[in-house]
Amino acid sequence: MRYSRIAGIGHHVPETVITNEYLSSIMETNDEWIVERTGIKERRYVDPTKDTVANMAAKATRMALQRANLTEKDIDFIVFATITPDYFFPGSGVLLQRELGLESIGALDIRNACSGFIYALSVADQFIKTGMYKTILVVGAEIQSTAIDMTTRGRNTAVIFADGAGAAILQPSDKPGILSTHLHSDGRFAEELYVRDPGSSRPREERQPEQILDTTTYKVVMNGNQVFKHAVVRFMEVINEALASNNMTRENIDLLIPHQANLRISQYIQEKMGLSDAQVYNNIMRYGNTTAASIPIAMSEAWAEGKIKEGTNLCLAAFGSGFTWASAMIRW
Ligand code: COA
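Along each chain, residue indices are assigned from 1 in the same order as the chain's sequence is written. A pLDDT threshold of at least 70 governs which residues receive local features in this predicted model, and a stricter bar of 80 or more applies before side-chain atom pairs are shown or counted, although totals over entire chains, interfaces and linings include all residues. Values shown for side chains rest on all heavy atoms present in the structure; no hydrogens or waters enter the calculation.

Enquirer: Could you give an account of the layout of surface pockets, with specific residues and numbers?
Expert: Roughly 970 Å³ of volume is contained in the largest pocket. Definitions used throughout: a 1 Å grid over protein atoms alone; a cavity as a set of points that fits a 1.4 Å probe which cannot get out; a pocket as an open set with protein on both sides within 12 Å along at least five of seven lines; a lining residue as one with an atom within 4 Å of a point. Lining the largest pocket are 34 residues, and of these I83, T84, P85, R111 and V195 lie nearest its centre. Put simply, Ala, Val, Leu, Ile, Met, Phe, Trp, Tyr, Cys and Pro go in the nonpolar bin, Asp, Glu, Lys and Arg in the charged bin, and everything else, Gly too, in the polar bin. Of the residues in the lining of the largest pocket, the class split is 18 nonpolar, 10 polar and six charged. When residues of the lining of the largest pocket are assigned to domains, at least three map to each of domain 1 (3-175) and domain 2 (179-331). In this structure, the second largest pocket spans a volume of roughly 430 Å³. Taken together, 24 residues line the second largest pocket, and the ones lying closest to its centre are I160, M222, G224, F228 and N262. Secondary-structure elements contributing two or more residues to the lining of the second largest pocket are α2 (31-38), α8 (224-245), α9 (263-273) and β12 (313-320). Tallying contributions element by element places α8 first for the lining of the second largest pocket, with five residues. Looking at the lining of the second largest pocket, its residues break down into 13 nonpolar, nine polar and two charged. Built from parts of two domains, the lining of the second largest pocket gets at least three residues from each of domain 1 (3-175) and domain 2 (179-331). Grid points are joined across faces, edges and corners, and a volume is the space filled by probe spheres set on the points. For the domains described, the bounds stem from an automatic or database domain assignment. Only runs of H or I of at least four residues qualify as helices and only runs of E of at least two qualify as strands under DSSP, and these elements are numbered from the N terminus.

Structure representation (structure tokens):
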């Protein structure tokens, strides 16, 4: 049996630290409200004059390659998860391929929001298992800050979303590896967390830049209550699905890395599942919610802190826009 394993993991976050105090100075919010409801203390925003989704992804990739003792030339396929690509099209996968100096390898873009990294991991896992590719780069990278409404009107999303990138290198292995992945969606809730434009299903005159008077449809819209309610249910379901499919119980989880949506969601899951503090990794306090990048950034930091080692049973779980939700069970 051929499995895939993660040979290296890396991340990159932009330099600029945005504190709750700073946000409080430009909109009606405050540190106490943000910390109590989201757990976030600070987050990182790009400098749009130098950072791009693709170049942050390249920096994360180089860290992952170095930790895997590999070089760019070893990569034979890219799966890139982002909902904030540098261009409307083409996707960021080809831009990363160019940035890494790789000639003609395939690059696939995945648009599954906060579940994007696990969807990407699952796709890469299938390609490795079939023998189609040997070294796949799986990336999650986002620039959310430039689409955020930085006024009081946008405060429910401005305090949450932020920028960053994470990367994993997958290679074949004769022992597990990625044990299983589980992918779900429910499009009935698509508009509960979305950015409407530049949507294609608009009359032509509404899509021409000189006609656009109302730019609010270009900003993130989130029904926070609905997202919260569905998230806690789906996170638990999909973690339990991963446990059941591997004949495991919660005691077998050495480390759970939930998508860093909101610390309150992670704490709720931890409590309901009866997991100890040592079994759950969170870094949302420092980075906010970086959508598809949050899981690989957290994996990279947890690995560097020695919390993920050979033999660790690592469970990843995510929920987000779509709604989509997903999990992965990995033996490191
Ligand atoms: N600072 C201060 N007040 C804020 C605020 C902010 N940043 N954002 C919203 N408020 C206000 C609201 O305007 C509202 O005021 P009102 O009662 O006068 O109308 C009040 O706080 C309560 O708003 P509500 O949206 O009901 O708060 P909440 O308790 O649901 O918390 C979230 C809001 C966004 C923190 C919460 O819904 C949440 O975390 N949802 C999940 C979001 C998430 O995880 N998204 C990522 C998914 S991948």
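Enquirer: Hey, could you go over the packing of α8 against α9 for me, with residue numbers and the actual values?
Expert: Running from N to C, α8 and α9 cross one another at 45°; their axes reach a closest spacing of 10 Å. The angle between α8 and α9 falls in the class oblique. Crossing of α8 over α9 shows right-handed handedness. In contact with F228, A231, V232, F235, M236, I239, N240 and L243 of α8, α9 contributes R264, I265, Y268, I269, K272 and M273. Residues that form the contact of α8 with α9 fall into these classes: 11 nonpolar, one polar and two charged. Angles run from 0 to 180 degrees between N-to-C directions of axes, and those axes are lines fitted to C-alpha atoms, restricted for helices to the stretch in contact. Roughly parallel means an angle under 35 degrees; roughly antiparallel, over 145; roughly perpendicular, 65 to 115; everything else is oblique. Each crossing gets its hand from how the near helix is turned against the far one by less than a right angle, where anticlockwise is left-handed and clockwise is right-handed. The contact criterion used is simple: two residues touch if any of their non-hydrogen atoms lie within 4.5 Å.

Function cannot be inferred from these measures alone, as they are strictly geometric.
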